[in-house]
Amino acid sequence: MDVLIFGDGPSARLASIALHACCGSVVRAMPRKGLGLPATRNHTHVTSCDIQINASVIDEGLGAALSASIEPGWQWRGDNGTGWSSYEAGRLTREAIVAVLDARLAQLALESWDDVTITARHGNRLEATSREDRKVFDLVIDATGAHRATLPMLQGLGITTSIEDAGRPALYQTFELALPEPAGKVHWGSVPMDEPTGALYGDIDGRKMRLTTSIRRDMRGRLKNSEDLRSMVNERVASLIPRGAQLMGRTSTIAPQMRRLEYPVSGLPNWIALGDALAQWAPRMGTGLGSLFRQTRLLTDAFRSGATPEAARAAVAGQLETAWDLNLRGLKMISENQARRAKAQGARAL
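Caption draft 1: A look at the state of the cysteines. Applying the stated criterion across every chain yields a total of zero disulfides. Of all cysteine sulfurs in the structure, the one in Cys23 sits closest to Cys22, which takes part in no disulfide; the separation is 3.7 Å.

Caption draft 2: Layout of the pattern of salt bridges. As enumerated under the stated definition, the model contains 16 salt bridges in all. Among the ionic pairs, Glu71 bridges to Arg91, the shortest N-O distance being 3.6 Å. With a gap of 20 residues between them, Glu71 in strand 3 (residues 71-79) and Arg91 in strand 4 (residues 84-91) connect regions that are remote in the sequence. Taking the relative accessible area as the measure of exposure, Glu71 reaches 25% and is therefore partly exposed. Arg91 gets classed as buried once you look at its relative accessible area, which sits at 5%. As a salt-bridge pair, Asp114 and Arg131 come within 3.8 Å of each other at their nearest N and O atoms. Highlighted residues: Asp114 in strand 5 (residues 111-122) and Arg131 in the loop between strand 6 (125-129) and strand 7 (134-137), separated in sequence by 17 residues.

Caption draft 3: Representation of the packing of helix 1 (residues 10-23) against helix 4 (residues 94-108) in the model. With their axes 10 Å apart at the nearest point, helix 1 and helix 4 run at an angle of 40° to one another. In terms of axis orientation, helix 1 runs oblique to helix 4. Of the two possible hands of crossing, helix 1 and helix 4 adopt the one that is left-handed. Facing Pro10, Arg13, Leu14, Ser16, Ile17 and His20 of helix 1, the residues of helix 4 in contact are Arg94, Val98, Leu101, Asp102, Arg104, Leu105 and Leu108. When grouped by side-chain class, the residues that make up the contact of helix 1 with helix 4 number seven nonpolar, two polar and four charged.

Caption draft 4: Representation of the pairing of strand 7 in the model. Note: strand 6 against strand 7, four bridges, orientation antiparallel. Bridge assignment links Glu127 to a residue of strand 7, and that residue is Val136. Here strand 6 folds back onto strand 7, and the loop between the two strands holds four residues.

Caption draft 5: Structural view of the packing of aromatic side chains. For the structure on display, the rule yields three aromatic pairs. Judged by centre distance (6.4 Å) and plane angle (35°), the ring pair of Phe6 and Trp271 falls under tilted. Taken as a pair, Phe6 in strand 1 (residues 2-6) and Trp271 in strand 16 (residues 271-273) lie far apart in primary sequence, 265 residues in all. Each member of the pair, Phe6 as well as Trp271, is classed as buried. Over the ring of Trp74 we find Arg91; its NZ or CZ atom is 3.8 Å from the centre of that ring.

Caption draft 6: Molecular detail of the pairing of strand 8 (residues 139-142). Alternating positions in strand 8 separate into two faces, Leu139 and Ile141 on one and Val140 and Asp142 on the other, with burial throughout. As paired elements, strand 1 and strand 8 share four bridges and run parallel to each other. Residue pairing for strand 8: Leu4 is matched across the bridge by Val140. In this structure, strand 8 lies alongside strand 16, joined through three bridges in parallel fashion. The residue bridging Ile141 from the neighbouring strand is Ile272, located in strand 16.

Caption draft 7: A look at the environment of Ser85. Mapped onto the elements, Ser85 comes out in strand 4. Separated by 103 residues in sequence, Ser85 and Trp188 place their C-alpha atoms 9.7 Å apart.

Caption draft 8: Local environment of the nonpolar core. Counting 64 residues, the largest nonpolar core has Leu4, Leu19, Leu66, Ile118, Ile141 and Leu299 as the members making the most contacts within it. Sort the elements by how many residues they give to this core and helix 1 lands first, with seven residues. The contacts of Leu19, once residues within four sequence positions are left out, are Val3, Ile5, Gly24, Val26, Leu139, Ile141, Leu299 and Phe303. Grouped together as the second largest cluster of nonpolar side chains are 20 residues, Leu177, Leu179, Ile204 and Ile215 included.

Caption draft 9: Structural context of the sheet that holds strand 15 (residues 258-262). Pairing is antiparallel in the open sheet, where three strands are placed in the order 9-15-17. The open sheet is flanked by strand 9 (162-165) and strand 17 (279-281), the only strands paired with a single partner. In this sheet, neighbouring strand axes are inclined to one another by 15° on average, regardless of whether the strands run parallel or antiparallel. Sheet analysis places strand 9 next to strand 15, joined by four bridges and oriented antiparallel. If you follow Ser162 over to strand 15, its bridge partner there is Glu262.

Caption draft 10: Geometry of the side chain of Ser16. Turning to its location among the elements, Ser16 is positioned in helix 1. Ignoring anything within four residues of it in the chain, the contact list for Ser16 reads Ile5, Val26, Arg28, Leu105 and Leu110.

Reading the values: the criteria
Counting starts from 1 at the beginning of each chain's written sequence and moves along it residue by residue. Reporting of local features is limited, given that this is a predicted model, to residues whose pLDDT is at least 70; pairs of side-chain atoms are given and counted only at 80 or more, and all residues count toward the totals for whole chains, interfaces and linings. Think of the side-chain values as coming from all heavy atoms in the structure, minus any hydrogens and water. By disulfide we mean two sulfur atoms from cysteines, separated by a distance within 2.5 Å. A pairing counts as a salt bridge when a side-chain nitrogen of Lys or Arg comes within 4 Å of a carboxyl oxygen of Asp or Glu. By the criteria applied, helices consist of DSSP H or I runs no shorter than four residues and strands consist of E runs no shorter than two, each listed in order from the N terminus. Note on exposure labels: buried denotes an accessible area under 20% of the residue type's maximum, exposed denotes more than 50%, and partly exposed covers the range between, all computed with a 1.4 Å probe on protein chains only. What counts as an axis is a line fitted to C-alpha atoms, over the stretch in contact for a helix, and the angles between N-to-C directions run from 0 to 180 degrees. Small angles under 35 degrees read as roughly parallel and large ones over 145 as roughly antiparallel, with 65 to 115 read as roughly perpendicular and the rest as oblique. Two helices that cross are described as forming a left-handed crossing if the nearer one is turned anticlockwise from the farther one by less than a right angle, and a right-handed crossing if clockwise. Any two residues whose heavy atoms approach within 4.5 Å are treated as being in contact. All residues other than Ala, Val, Leu, Ile, Met, Phe, Trp, Tyr, Cys, Pro, Asp, Glu, Lys and Arg, Gly among them, are scored as polar; the first ten of these are nonpolar and the last four charged. DSSP-based pairing: two strands are paired if at least 2 bridges between them are found. Pairing of aromatic rings covers Phe, Tyr and the six-membered ring of Trp, with a centre-to-centre limit of 6.5 Å; geometry is then stacked below 30 degrees between planes, edge-to-face above 60, and tilted otherwise. Here, a charge over a ring is recorded when the distance from Lys NZ or Arg CZ to the ring centre is within 6 Å and its angle to the ring normal is within 35 degrees. We call a set of buried residues a nonpolar core when its members are Ala, Val, Leu, Ile, Met, Phe, Trp, Tyr or Cys and they connect through side-chain atoms within 4.5 Å of each other.

If you want it as structure tokens, here you go:
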């Protein structure tokens, strides 16, 4: 099977490794520049714990390398709404994952094309053209990150897609602080809140602290120092920010809460979207990377068993549907809890 993979992020790199092992001929392709908006900055700095397990199924060496990259000695704290629950476990960062993927790709030395676009359809197969070559592919993987450049190619084939948003995009800011004293290795996540901040999570590594939160856009210029941060978050998160901490920098992005690509029911060529090209999650706790590894494992299992691209796409879509419903239930529960807290605060004010 001849496979073309669009993109150069973690999704495209993982798909290249996986499909090289089970399909054979893989060409890595970057879409033509200038199509669509640039990808948003990723604020994730910790990932879910099942990644190395799924990686081992995709590629045994990949799983072993990821397991060896887990950082020991981290304390994990979860905010249950009234206090912290704590335990000790290792941590696998996005940076470590990307480094492992790059090392494995370097061993494979796959063919790479630049300035690639889809130019024609031959049944379910797709013809791609680049500066280097022209070829008809049995399968195209869209792993561009946020389907910025590839959707116009589908539209050019007469295929109309749509986007489902389950929550309005939010402003996310990641703050970097210098602590007055070392505070160990701690990762923490807090109960999301509507006003004025939400989606609180972060880590402490010695004297370095990172805190990521979604905030109202009108609050952007009001968070100028660590004391402003302490005043804006709940008391449990505030207790992690010592007085005297210095705000060293911040990054911002507008990111969706939950957004997914919807294909037409029929008439599709052999085209499969993976990772953020298929669905985008709120940038916290490695949700997107965890979902990517589960999707790629399903894709690998399907092709190893002799499945068609259509059946493989259905397997990936099934996993997404399950994750989507689970996250929607979580958002509903958070919304209900927020309403109860607001009602209780109103009653106390009276």
